[in-house]
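# A structural walkthrough
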Amino acid sequence: MALAIARPLGRLLASPGQAALAGVIALFLLLFLVVPVTTVIYVAFTEKGTGVFTLINFVDFFRTDLFVNAFWNSIYVSTATVLVASIFALPLAYITTRFSFRGAVLIQTLGFLPLIMPPFAGAVAMQLLFGRNGSVNLLLDDWFGFKIGLMEGLNGVVFVQAVHYFPFILVNLSAALRNIDRSMEEAAQNLGCSGFRLFRRVVFPLALPGYVAGASLVFVKVFDDLATPLLLNVKDMLAPQAYLRVTSIGIADPMGYVIAVVLIVVSVLAMWASTLTLSSKDYATVQRGGGGLAKRTLRPWESAVAYCVVGLILALVLAPHLGLLLLSFATVWSFSPLPDAYTFAHYARVFGDSSVYIKNTLVYASLAALIDVLIGGAIAYLILRTKLIGRQGLDWAASAALAVPGVVLGIGYLRTFYDVPMPDGRPLATFWMMIVLALAIRRLPYALRACHAALEQISVSLEEAAENLGATKMRTVRRVVVPLMTGGILAGFISSFATAAVELSATLMLVQSNSDAPLAYGLYVLMQSPAGRGPGAALGVIAVILVAICTFLSHVVIERSQRAKGALH
Amino acid sequence: MSQTVISPSLRATAAGVRVENVNLAYGSNPVLKNVSVEIEPGEFFAFLGPSGSGKTTLLRLIAGFNKADSGTVFVGGKDITDLPPWKRDVGMVFQSYALWPHMTVQRNVAFGLEERKVPRAEIKARVAKALDLVGLGHLADRRPSQLSGGQQQRVAVARTVVVQPKVLLLDEPLSNLDAKMRVQVRRELRDLQQRLGLTTIFVTHDQEEANTICDRIAVMSDGVIQQVGSPMELYEHPANLFVANFLGSANILDGSVLTEGAARAFQLTGGIRFPIPASASVPTDAKLVFRPQDASIGSTAGGGGNALSGVVMHREFLGSVVRYAVRIGDSDIIVDAPFRSGDALYEPGASITVRISLESALWLSS
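Residues numbered from 1 in each chain as written. Chains lettered and ligands numbered in written order. Predicted model: local features only at pLDDT ≥ 70, side-chain atom pairs only at ≥ 80, totals over all residues.

## A closer look at the sheet that holds strand 11 (residues 251–253) of chain B
Residue and element names in this part refer to chain B. One open sheet accounts for three strands, arranged 11-15-21; its pairing is antiparallel. The sheet terminates laterally at strand 11 and strand 21 (362–364), the two strands that pair on one side only. Each strand of the sheet is rotated relative to its neighbour by a mean of 30°, with strand direction disregarded. Pairing between strand 11 and strand 15 (residues 287–290): three bridges, direction antiparallel. Looking at strand 15, one finds that Asn251 is bridged to Phe290. (Pairing = 2+ DSSP bridges. Helix = DSSP H or I, 4+ residues; strand = E, 2+ residues; numbered from the N terminus. Axes fitted to C-alpha atoms, helices over the stretch in contact; angles between N-to-C directions.)

## Points about the pairing of strand 6 (residues 90–93) of chain B
Residue and element names in this part refer to chain B. Burial of strand 6 is two-sided: the residues Val90 and Met92 facing one way and the residues Gly91 and Val93 facing the other way are all buried. Both strand 6 and strand 7 (residues 167–171) contribute to a ladder of four bridges, which runs parallel. Bridge pairing in strand 7 links Val93 to Leu170. (Buried ≥ 20, exposed ≤ 12 C-beta atoms within 10 Å, placed from the backbone.)

## Quick notes on the environment of A:Ala227
Residue and element names in this part refer to chain A. Along the chain, Ala227 turns up in helix 11 (residues 227–231). Residues Ala227 and Ala520 lie 293 residues apart in sequence; the distance between their C-alpha atoms is 9.9 Å. Setting aside anything within four residues of it in sequence, one finds Ala227 in contact with Phe120, Leu504, Ser505, Leu508 and Tyr524. (Contact = placed C-beta atoms within 7 Å.)

## Regarding the pairing of strand 13 (residues 263–268) of chain B
Residues and elements named next belong to chain B. As judged from the six bridges shared by strand 12 (residues 255–260) and strand 13, these two strands associate in the antiparallel manner. Across the sheet, Gly255 pairs through a bridge with Leu268, a residue of strand 13. With three bridges connecting them, strand 13 and strand 14 (residues 273–275) associate as antiparallel partners. Looking across to strand 14, one finds that Ala265 is bridged to Pro275. Between strand 13 and the antiparallel strand that follows it, strand 14, lie four residues; Gly271 among them carries a positive phi value of about 115°.

## Structural notes on the nonpolar core
Counting residues in hydrophobic clusters, the biggest one holds 268 residues, and the most contacted among them are A:Ala260, A:Leu263, A:Val407, A:Ala543, B:Ala158, B:Leu169 and B:Ile201. When residues of this core are assigned to their parent elements, the largest contribution, 15 residues, is made by helix 8 (residues 153–179) of chain A. Look past the residues within four positions of B:Ile201 in its chain and what remains in contact with it is B:Val17, B:Ile39, B:Phe45, B:Phe47, B:Leu59, B:Ile62, B:Val167, B:Leu169 and B:Leu170. (Core = buried A, V, L, I, M, F, W, Y, C linked by C-beta atoms within 7 Å.)

Below, the structure is given as structure tokens:
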């Protein structure tokens with residue numbers, strides 16, 4: 001009787017080892033993602049102290065002018081950022097994919113650079129360059145007698161965020177443009193369509209999914225960002241308000257939680273809207289018998305215009321890097337177009353007493369990335385290679401982290417783990433490992449995608465061959481699956497590491513002491529004071545270099561593993 | 001597709017196509033070498049050749065997607081060599097169909113008419129007519145992804161013919177369909193072409209497709225048109241070894257032509273000699289070519305003249321014929337023997353005699 005039941009169950013649940021693995025992962029996600037987020041939502045909807053369900057907190061939220069204002073400001077900043085970022089990204093994507101343009105690869109690479117800098121690090125540099133008394137305005141004032149208020153208030157946030165996040169649109173849009181089958185375009189030409197009409201009627205609609213994917217990502221990221229507005233001294237936006245509420249009034253105040261719920265709702269809505277746009281249109285544009293958009297040669301004057309446009313945009317979006325570099329070597333840089341003199345002192349100071357930030361970052365980011373590829377790889381395996389009941393649930397839970405803003409996760413951790421004491425009596429929420437776990441949860445969806453893609457490319461028959469020759473499931477995974485997935489896993493690890501290294505929104509809530517602080521936090525603290533700007537910029541340059549090396553490495557790893565796989569066929 | 005009477009609105013005035021001395025190279029690699037061909041108005045014409053023969057390049061050249069290094073293309077007597085694709089009025093159905101996934105069937109078909117600024121009411125009527133023509137009127141509001149391969153292909157055809165192009169170009173239109181659909185669709189294409197009276201050029205690598213539906217075929221290889229003619233002409237009178245081998249199966253025997261006074265003979269590399277019929281025209285570097293059904297197989301040895309002794313290597317029973325692979329000297333040939341029930345078959349290893357019907361044999365050079 002027991003056997004009769006065990007058999008069908010065994011077939012449904014896969015091996016006991018796999019089931020146990022799924023259980024451990026489920027527990028991890030439950031503890032460090034589901035419970036903290038649910039706690040935030042629960043607090044927002046209950047009466048303080050009594051735990052009775054109530055909507056009074058939300059009524060309060062919408063009755064307070066400050067919060068309603070902050071809400072609309074956040075919507076404005078996010079929308080405007082998407083628009084400005086599109087203005088940067090559209091010409092670059094279109095010119096580099098549609099025309100045979102010298103330096104297209106270089107432009108695509110340079111266009112990616114802003115992403116590898118923490119946005120708030122660029123903010124200070126941009127204030128020095130474009131601010132009221134920045135280099136550009138000082139020169140304009142000198143020569144023409146007027147100034148441009150690029151960095152004033154909300155518009156300053158829009159400008160900084162657009163410069164930082166436009167690569168998301170550039171990358172997605174370029175990929176979409178490149179994937180359009182040439183025959184799609186030729187069929188339209190054959191029927192009498194050409195020039196701008198061809199772009200409007202066929203090319204752009206086909207690239208729209210890529211654009212929407214990039215634009216919605218930008219919207220959500222900007223809506224949830226905390227550090228950039230704070231650094232630009234803009235406080236009347238939602239994410240900064242949530243942070244200020246929790247840090248100044250305390251974790252018992254319900255308003256922070258209400259704001260967190262609003263942040264989640266807007267994030268989820270934006271993502272839902274974007275998937276809705278994409279799924280209602282079935283764009284299977286990759287077909288047989290074609291090969292990317294046709295590339296046209298530019299006429300000389302067109303080419304001149306194109307280079308001017310590209311040059312201007314690149315100069316604008318790369319300005320923060322240049323500014324940060326100058327600042328890190330500057331003795332004094334204030335009310336002048338360029339620094340007064342140059343020095344290495346800031347770097348000396350950073351490697352001296354601030355080196356703890358760098359050490360912490362390396363430790364936190366590597367641990368978080370390690371957790372990510374382990375869990376991401378395991379979930380990918382369970383989804384693709386077993387019929388375990390509820391394996392999709394793991395995928396959804398892990399991916400749901402995408403919709404959870406960092407500040408919400410931070411608040412959730414504080415609330416959930418503050419009352420849990422560690423052996424030495426301090427609250428668990430102050431333990432540095434919490435920062436690692438928050439980073440790991442935040443980056444998990446990306447690592448999961450990388451592992452999923454890597455495993456999907458491996459033919460099941462390779463594993464079946466191993467099992468056929470006597471290897472157990474466990475040994476097959478170790479001897480066949482993992483070696484073949486190495487490229488994907490490594491790429492997932494490096495990109496998780498790189499992005500975790502400059503993440504700040506969750507970290508800002510969780511860092512309890514300077515000795516536990518990672519680089520991004522140190523940078524943020526230093527940038528607050530004029531005297532700290534130099535060392536802060538030096539730290540920023542180090543962060544940029546760190547992330548740049550990682551990005552380059554992951555690129556190399558992916559290339560190499562693809563080449564190795566190509567050689568097999 | 002039902003036999004409906006076509007209203008004048010979809011019937012185009014047929015135009016001929018003339019390609020003159022076209023050369024085209026990708027870098028230093030010549031793809032079309034001095035190609036000239038003339039296609040009559042209303043004709044169903046095929047470019048037939050193996051992959052890499054230049055047939056698709058030539059088709060895309062007529063559509064305007066490839067640019068010739070030299071040479072001229074005329075449609076309806078008008079030089080279109082320098083016109084961009086969108087001004088040519090040459091309709092093309094793509095191998096991948098290239099239906100735009102962001103538009104419904106109806107919008108796809110209306111596209112070309114909208115580009116031509118046709119009044120809205122007329123667009124509606126003509127789109128409906130074109131979709132009825134291909135039997136898909138009821139699927140007008142579907143998306144391309146919701147259609148089967150055969151249906152997508154018909155939409156692609158409707159989208160092209162609705163603008164009444166002067167010429168219809170079909171780029172391997174059957175290659176993405178399964179075997180059964182292929183036979184059905186090729187009949188439909190022929191039927192449609194006849195009813196619309198459209199000059200049609202069809203690119204294919206499949207001789208059966210070309211033979212069954214085309215009036216004339218241009219056989220292409222290595223960027224050169226080897227021969228132009230009706231399917232039967234090409235089969236009966238191939239101009240060279242390539243055409244003989246590409247259309248149907250053919251046995252090719254190496255040897256040399258000997259002249260002894262008025263009489264000529266062909267000597268195989270093995271030494272055996274055949275008399276050459278006086279009426280045959282034989283190039284000096286000719287090879288002996290014959291179809292498998294133009295030889296017979298028998299057990300009696302000797303016989304002289306055109307009889308060759310050989311050994312059966314293996315055989316395939318195909319129903320109405322038995323196909324023998326026979327080794328004669330150094331060469332392997334194929335002989336098809338008609339099969340009637342009760343006939344005994346030769347076993348592999350058996351020594352036999354092959355008689356070639358020299359009246360139907362060909363002497364061809366490459």
